[in-house]
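Each chain, written out:
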Amino acid sequence: MLEEWQTSWKNDDTDRKIYNIIPSVSLRPTNWIREDVIFFSQRRPFPVYLKRFHLSDSDYCSCGGIDTALHYATECFLTVSWHMGKPLPNFEQEWLKRVANNLVSSRKIRRIVKFISENRYLFRPP
């Protein structure tokens, strides 16, 4: 059963962002909560996701940057309290893996997502 699940997880084309962080299935639960899933899958409330499904006209943050999870975690002035060092372009996946497995970084991610969710009006483009 685990082999079938792993094969399905490996060959499916959905949630590749999560697959790149957790490539192996397991019966052991992760310590992820809702905010972790939102951040690492880059789904709601991120305008990039909303624009992809025509729920928003723009994929820009109100600060002018392209509105992605990485933008909020590393450069948006609205989330500066929780910033982390920005990865080099070729190392973004490795950075995401490290952040996902680091308790301090995970807490920052959770606070960012919670702040964005509670203050969506601040992040709308002008």
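Please refer to the structure higher up on the page.
Conventions used here
- Residues numbered from 1 in each chain as written.
- Predicted model: local features only at pLDDT ≥ 70, side-chain atom pairs only at ≥ 80, totals over all residues.
- Heavy atoms only, no water.
- Core = buried A, V, L, I, M, F, W, Y, C linked by side-chain atoms within 4.5 Å.
- Buried < 20%, exposed > 50% of the residue type's maximum accessible area, 1.4 Å probe, protein only.
- Helix = DSSP H or I, 4+ residues; strand = E, 2+ residues; numbered from the N terminus.
- Contact = heavy atoms within 4.5 Å.
- Patch = residues over 30% accessible without salt bridge, like charges linked within 9 Å, V, L, I, M, F, W, Y side chains within 5 Å.
- Areas by Shrake-Rupley, 256 points an atom, 1.4 Å probe, with all protein chains shown as cover.
- Salt bridge = Lys/Arg side-chain N within 4 Å of Asp/Glu carboxyl O.
- Phe/Tyr/Trp six-rings, centres within 6.5 Å; stacked < 30°, edge-to-face > 60°.

Draft legend 1. Highlighting the nonpolar core. Counting 26 residues, the largest nonpolar core has Phe39, Phe40, Tyr72, Ala73 and Trp95 as its most contacted members. For this core, the elements supplying multiple residues, two or more each, are helix 2 (16–21), helix 3 (34–41), helix 5 (69–74), helix 6 (92–100) and helix 7 (103–118). Ignoring any residue separated from it by four or fewer positions in sequence, one finds tryptophan 95 in contact with Leu70, Ala73, Thr74, Met84, Gly85 and Pro87.

Draft legend 2. Geometry of a nonpolar patch on the surface. A cluster of nonpolar side chains, contributed by Leu2, Trp5 and Leu27, occupies part of the molecular surface with about 340 Å² of accessible area. Along the chain, leucine 2 falls in helix 1 (residues 2–11). The exposure class assigned to leucine 2 is partly exposed, which follows from its relative accessible area of 41%.

Draft legend 3. Just the packing of aromatic side chains, in detail. Scanning the model with the defined rule gives three aromatic pairs in all. Ring geometry for tryptophan 32 versus phenylalanine 40: centroids 5.1 Å apart, planes at 25 degrees, classification stacked. Phenylalanine 40 gets classed as buried once you look at its relative accessible area, which sits at 3%. Measuring from ring centre to ring centre gives 5.0 Å for phenylalanine 39 and phenylalanine 40, while their planes differ by 85 degrees; the resulting arrangement is edge-to-face. For the pair formed by phenylalanine 39 and phenylalanine 40, the shared burial category is buried.

Draft legend 4. Summary view of the pattern of salt bridges. As enumerated under the stated definition, the model contains four salt bridges in all. The salt bridge partner of lysine 86 is glutamate 75, with a shortest N-O separation of 2.9 Å. Here lysine 86 is found in the loop between helix 5 and helix 6, whereas its partner glutamate 75 is found in the loop between helix 5 and helix 6, with eleven residues between them in sequence. Overall, the relative accessible area of 51% leaves lysine 86 in the exposed class. A salt bridge links glutamate 94 to arginine 98, with the nearest nitrogen and oxygen atoms 3.4 Å apart. Here glutamate 94 pairs with arginine 98, and both are found in helix 6, just four residues apart, close to one helical turn. The class for glutamate 94 is partly exposed, based on a relative accessible area of 36%.

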